[in-house]
Amino acid sequence: MAVTEIPKITDNVEALVSEIDLDKCSGCGVCLPLCSYSAIGWIEYKGKKRAHIDPALCTGCGVCVAACPSRAIILEGFTTEEIESQIENLTF
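A brief structural summary.

Conventions used here
Residues numbered from 1 in each chain as written. Predicted model: local features only at pLDDT ≥ 70, side-chain atom pairs only at ≥ 80, totals over all residues. Heavy atoms only, no water. Helix = DSSP H or I, 4+ residues; strand = E, 2+ residues; numbered from the N terminus. Buried < 20%, exposed > 50% of the residue type's maximum accessible area, 1.4 Å probe, protein only. Contact = heavy atoms within 4.5 Å. Phe/Tyr/Trp six-rings, centres within 6.5 Å; stacked < 30°, edge-to-face > 60°. Lys NZ or Arg CZ within 6 Å of the ring centre and 35° of its normal. Lys, Arg positive; Asp, Glu negative; His and termini not counted. Salt bridge = Lys/Arg side-chain N within 4 Å of Asp/Glu carboxyl O. Polar contact = N/O pair within 3.5 Å; in protein donor to acceptor, adjacent residues only side chain to side chain. Pairing = 2+ DSSP bridges. Patch = residues over 30% accessible without salt bridge, like charges linked within 9 Å, V, L, I, M, F, W, Y side chains within 5 Å. Areas by Shrake-Rupley, 256 points an atom, 1.4 Å probe, with all protein chains shown as cover.

Position of Cys 28 among the secondary structure elements: in the loop between strand 1 (18–20) and strand 2 (40–45). Owing to a relative accessible area of 45%, Cys 28 belongs among the partly exposed residues under this scheme. Along the backbone, Cys 28 and Pro 69 are 41 residues apart, and their C-alpha atoms lie at a distance of 8.6 Å. Among all residues touching Cys 28, those that are not within four sequence positions of it are Trp 42 and Pro 69.

Below, the discussion takes up the packing of aromatic side chains. Counted by the stated rule, this structure contains zero aromatic pairs. The ring of Trp 42 has Lys 49 lying over it, and the distance from NZ or CZ to the ring centre is 4.4 Å.

Turning to the side chain of Arg 50, a few remarks are in order. Within the element layout of this structure, Arg 50 appears in strand 3 (residues 48–53). Asp 23 provides the closest opposite charge to the buried, unpaired Arg 50, separated from it by 7.1 Å. Polar contacts involving the side chain of Arg 50 include one to the main-chain carbonyl oxygen of Cys 25, which spans 2.9 Å. For Arg 50, the side chain forms a polar contact with the main-chain oxygen of Ser 26, separated by 3.4 Å.

The next thing to look at is the pattern of salt bridges. Opposite charge on two side chains makes pairing possible when the charged atoms of those side chains draw close. Within this structure, the stated rule accounts for one salt bridge. Note that Lys 46 is salt-bridged to Asp 23, the shortest N-O span being 3.3 Å. Of this pair, Lys 46 sits in the loop between strand 2 and strand 3 while Asp 23 sits in the loop between strand 1 and strand 2, and the two are 23 residues apart along the sequence. Using a relative accessible area of 67% as the deciding quantity, one classes Lys 46 as exposed. The exposed category is assigned to Asp 23, whose relative accessible area is 53%.

Time to look at the pairing of strand 2. In the case of a regular strand, side chains alternate between the two sheet surfaces. Judged from the six bridges that link them, strand 2 and strand 3 form a sheet pairing that is antiparallel. Within strand 3, the position partnered with Glu 44 by the bridge is Lys 49. Connecting the antiparallel pair strand 2 and strand 3 is a turn made up of two residues, with Lys 46 showing a positive phi of about 55 degrees.

Before going further, it helps to spend a moment on the side chain of Ser 18. For Ser 18, the position within the fold is in strand 1. Since its relative accessible area comes to 3%, Ser 18 is described here as buried. Beyond its immediate stretch of four places on either side in the chain, Ser 18 contacts Ile 53, Cys 58, Cys 64, Val 65, Ile 73, Ile 74 and Leu 75.

A grouping of Val 30, Leu 34 and Val 63 is seen on the molecular surface, where their side chains present a nonpolar patch of about 200 Å² in accessible area. Structurally, the position occupied by Leu 34 is in the loop between strand 1 and strand 2. Classification of Leu 34 by relative accessible area gives partly exposed; the value is 38%.

This is the structure:
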């Protein structure tokens, strides 16, 4: 019986999490109730209320990205169109 050595994986892979461009965020709050992980809350930015994502709670599901009317939320590694397409395909 032959023995095969399995290489050790040393690369760190970062988790995908959503991020909000605070300059684009309108503060509408559409994203808050949609987050199943309670990762989105409020912060004050330039004197106005803006959404903020806690990266420790975000799972990178992309629901907030697809729902944001001002396209202020991005998911690194995916475009908004890719996220919307994935969600649309799950609903049919």
